[in-house]
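The lines below spell out each chain.
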Amino acid sequence: MAGRTNAVPMHLFYCANKPYLFPMAVSLFSAMRAAGTPLAATLALEGVDDSFRDALRSLFPTDSVRIRKIPPGRPNAKYPLAMFARLLVDKLVPREVDRALYLDCDTLVLDDVNELAASIAPGHIVSAVQDDFANWKSGFTDYFNSGVICIDVPAWRAADVGSTCLALVLKQGMSDQQALNTVLSGRWTRLDPRWNVMTHFYTPGSRWDYAAAARQHIGIRHFTMVKPWLSRSRGLGASHFHDMAAQLRSVNPEAWTMLLEAARDSSAQQTAEPEPVS
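Residues numbered from 1 in each chain as written. Predicted model: local features only at pLDDT ≥ 70, side-chain atom pairs only at ≥ 80, totals over all residues. Heavy atoms only, no water.

Moving on to the overall build of the chain. Tallying secondary structure elements over the chain gives 11 helices and nine strands in all. A burial count over the chain gives 55% of its 278 residues as buried. Across the chain, the fraction of contacts at a sequence separation of at least 24, relative to all contacts at a separation of at least 6, is 77%. Summed over all atoms, the accessible surface of the chain reaches about 11800 Å², with 52% contributed by carbon and sulfur. (Helix = DSSP H or I, 4+ residues; strand = E, 2+ residues; numbered from the N terminus. Buried < 20%, exposed > 50% of the residue type's maximum accessible area, 1.4 Å probe, protein only. Contact = heavy atoms within 4.5 Å. Areas by Shrake-Rupley, 256 points an atom, 1.4 Å probe, with all protein chains shown as cover.)

Another point: the packing of helix H7 (residues 161–172) against helix H8 (residues 176–183). The contact between H7 and H8 brings their axes to 9 Å, and the two run at 125°. Considered as vectors, H7 and H8 are oriented oblique to each other. By crossing handedness, the relation of H7 to H8 is classed as right-handed. Only Ala-179, Leu-180, Thr-182 and Val-183 of H8 make contact with H7, whose side of the interface consists of Val-161, Thr-164, Cys-165, Leu-168 and Val-169. (Axes fitted to C-alpha atoms, helices over the stretch in contact; angles between N-to-C directions. Parallel < 35°, antiparallel > 145°, perpendicular 65-115°, else oblique. Left-handed = near helix turned anticlockwise from the far one by under 90°.)

End to end, helix H1 (residues 21–34) covers 20 Å across 14 residues, agreeing with the expected 20 Å (1.5 Å per residue, within 8%). For H1, a buried count of 11 out of 14 residues is recorded, marking the element as mostly surrounded by other parts of the structure. Turning to H1, its buried residues number three or more, namely Leu-21, Phe-22, Pro-23, Met-24, Ala-25, Val-26, Ser-27, Leu-28, Phe-29, Ser-30 and Ala-31. (Expected span 1.5 Å × (residues − 1).)

Attention shifts here to the environment of Trp-256. Relative to the helices and strands, Trp-256 is located in helix H11 (residues 253–267). Distance in space between the C-alpha atoms of Trp-256 and Leu-21 is 9.9 Å, their sequence separation being 235 residues. Leave out the neighbours within four places in its chain, and Trp-256 touches Phe-22, Ala-245, Leu-248 and Arg-249.

A separate point is the pairing of strand S1 (residues 11–17). Among the seven residues that make up S1, seven are buried, leaving the element largely enclosed by the rest of the structure. In the sheet, S1 pairs with strand S2 (residues 40–46) via seven bridges, with the strands oriented parallel. Pairing of Leu-12 across the sheet is with Ala-41, part of S2. Since S1 and S2 lie parallel, the crossover through H1 that links them has a hand, and here it is right-handed. Relative to strand S4 (residues 99–103), S1 is paired through three bridges, and the arrangement is parallel. Its bridge partner being in S4, Leu-12 is matched across the sheet by Leu-101. (Pairing = 2+ DSSP bridges. Right-handed = clockwise from strand over helix to strand, strands pointing away.)

The next thing to look at is the pattern of salt bridges. Applying the stated rule across the entire model yields 12 salt bridges. A salt bridge links Asp-98 to Arg-99, with the shortest nitrogen-to-oxygen separation between them at 3.1 Å. The closest approach of N and O atoms between Asp-152 and Arg-99, which form a salt bridge, is 3.4 Å. Here Asp-152, found in strand S7 (residues 148–152), pairs with Arg-99, found in strand S4; they are 53 residues apart in sequence, far enough to count as distant. You'll find Asp-152 and Arg-99 in the same group, each marked buried. Through salt bridges that share partners, Arg-86, Asp-104 and Asp-176 make up one connected network. (Salt bridge = Lys/Arg side-chain N within 4 Å of Asp/Glu carboxyl O.)

This part covers the sheet that holds S4. Reading across the sheet, the seven strands line up as S3-S2-S1-S4-S7-S6-S8 and stay open at both edges, with mixed pairing between neighbours. Bordering the open sheet on either side are strand S3 (65–69) and strand S8 (188–190), each of which pairs with just one other strand. Looking at each pair of strands side by side, their axes are set apart by 25° on average, direction ignored. Against the sheet, H1 contacts S1, S2, S3 and S4, and its axis sits at roughly 170° relative to S1.

This is the structure:
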């Protein structure tokens, strides 16, 4: 991988509202299980009361997991505030963090993400996986999926990426993914597709020749379109999620159940985390 070596463990960064606390917890647990060295994390939460924060702390009883409140405001009425909080990564993670890995809550980590610390090429700000499914619809020449992004935090801060993206969201109604691709065009490094195995990788007869190889050696499974915590299906890689969720349950069954019930109750009232418009 290109870029300088970073001996400091990757800092994980998640953003969630209440419906996504359960999958976020499973994702974080999976990342910690797969890591060869300890990981630190920042969880930026929207509209989550103390009882749910306490439930998360009971599942991750360590000082290395920090819980932050997402600043108020809603730049785009179509999407929850938590979707845009990733743009504030440089303000929400500790100042000393050099490399952050933003993960959507509907991801599952199956390999050591510390491998990604040196994945950003010189002169670039992030590394991510090309999203040919979205690119096919969007008209971009190169288009990355923003559900898994390795971020050079000082470079992001220096380029004021977050504020520039938010301006596009406010003025042009873009999703965060559209804004990120616009602002970071020519400044992102392609990751091996195995680090963001999206659901379209499982399409029979896929025209994307890398999909089969990525499925055989998954680094991160990204459950776009299908949400395994809302179903008992074990297909499309969901078996990995259910197995990891069962392991997390043993840490604190009461807290685990509380988060799962919140996710399922919310799904009955609203659509789960909307996919970015492309």
